[in-house]
Amino acid sequence: MVICLRLFVLFLKCIYFFLKLLPVKNKIVFISRQSDKPSKDMTMLAKKFNEKLDGYKCVFVTKKTRKTVSDGIKSIGAMLRQCYHLATSRVCITDGYNIPISVLKHKKSLKVVQIWHAMTAVKKFGCQCLEDKKKAAIAKVLKMHRNYDYITCAAPSMIPVFQKGFGYEKDVFVPIGLPRLDLLTDPGEIIKERIYKRYPEFKGRKLVLYAPTFRENDDYRIDELAARFEQSDYILIVKAHPLTNLSDELREKIYTCDMFSAINLLTVADAVISDYSAFALEAVAANKPIYLFTYDIDFYSKHPGINLYPYDDLPGCVHETAEGIFSAVDSGACTPEIVAAYRQKYLPTTSGSVTEKLVDFVIDKCLNDNEKA
């Protein structure tokens, strides 16, 4: 495995040597393997760059990582396109680990900004998960999370955790948040109206949104939650992780609202249930009470491990049974005071447009500095 990866890295380096002979253009490339389509964070940034920069072009090269052979071939094609744009762009913005970004030696004129796709890091990630010798060897060959000039995070309190995950010094981190915060703090009424139009039965009902993190064992205890909330006046909406496959039988018992994202559904949710997902932070950004369903915390605290112990920040809102979660939601255990304290600790303290501030930062530190040099 390691030998094959070394050969592939050598192949990319050979291709990139010739691509770097091409001239640099006034271009910003967005790279991701989280999805086949650009994330909302990326599209919001691109729109703002287009408003502020004359003569610059924004390009997206996104390909979701999958394990099938055909998608593996498509991923190689995407990486070659990424190599071209890395060689000819002034700025690269990425939201996760990417092989070409980390293993290649780039032109000095290229600046790479990592806008990690999660608002925080409840789970251990990156350099924190290399105890296994095989994983450590692969990470070494692929130079995991190298070549970033700046890394964003939501708040100063998260910098020490991100330092461990990425393996960088403190001065690289920018606690500015993600563009999606602008949508969460000022969502408008249009999305809410669309949801109610599609699901008129939601009007006048108490809606609870369950958005768990990804689990390789597919154990989400959705049946337990659905059965408990079914006996009440609440409607339970389940937004599983994109990599999760829900059975047809289960889908018949619950609302999944496939036309709308979890962020969209926050506009109508009265309460949110999550677990070790950073979505909990997005919920409090939208000023929603948050409850954590941590039925597997003993296992999860070891595999992959936890950075933020949930009981510390959300007293009375963390439970290991469906009955406990329901009782907490029904009694309103997550008070406005708890939401405010959680938000203050883990979200940016400055007000105003996160999108605009992040774009201004990139222009100042990545484009203007290049022009001075």
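Refer to the structure presented above.
Residues numbered from 1 in each chain as written. Predicted model: local features only at pLDDT ≥ 70, side-chain atom pairs only at ≥ 80, totals over all residues. Heavy atoms only, no water.

So, about the overall build of the protein. Scanning the protein from terminus to terminus reveals 17 helices and eleven strands. Scaling as 2.2 N^0.38, a compact globule of 373 residues should have a C-alpha radius of gyration of about 21 Å, and the protein matches this with 22 Å. Sorting the 373 residues of the protein into buried and exposed places 53% on the buried side. The long-range fraction of contacts in the protein, counting pairs at least 24 apart against all pairs at least 6 apart in sequence, stands at 71%. Within the protein, one finds 54 positive and 43 negative side-chain charges whose respective centroids are separated by 10 Å. (Helix = DSSP H or I, 4+ residues; strand = E, 2+ residues; numbered from the N terminus. Rg over C-alpha atoms; globule rule 2.2 N^0.38 Å. Buried < 20%, exposed > 50% of the residue type's maximum accessible area, 1.4 Å probe, protein only. Contact = heavy atoms within 4.5 Å. Lys, Arg positive; Asp, Glu negative; His and termini not counted. Charge placed at Lys NZ, Arg CZ, Asp CG, Glu CD.)

Another aspect to go through is the environment of Ile338. If you trace the backbone, Ile338 turns up in helix α16 (residues 336-346). Since its relative accessible area comes to 16%, Ile338 is described here as buried. For the pair Ile338 and Pro310, spaced 28 residues apart in the sequence, the C-alpha separation amounts to 13 Å.

Our next topic: the sheet that holds strand β7 (residues 206-210). Ordered by their spatial adjacency, five strands build an open sheet running β8-β7-β9-β10-β11, and the pairing between neighbours is parallel. Every other strand in the sheet has two partners, leaving β8 (234-238) and β11 (318-319) as the edge strands with one partner each. Pairing of β7 with β8 involves five bridges; the strand directions are parallel. Paired with Leu207 across the two strands is Ile235, which belongs to β8. (Pairing = 2+ DSSP bridges.)

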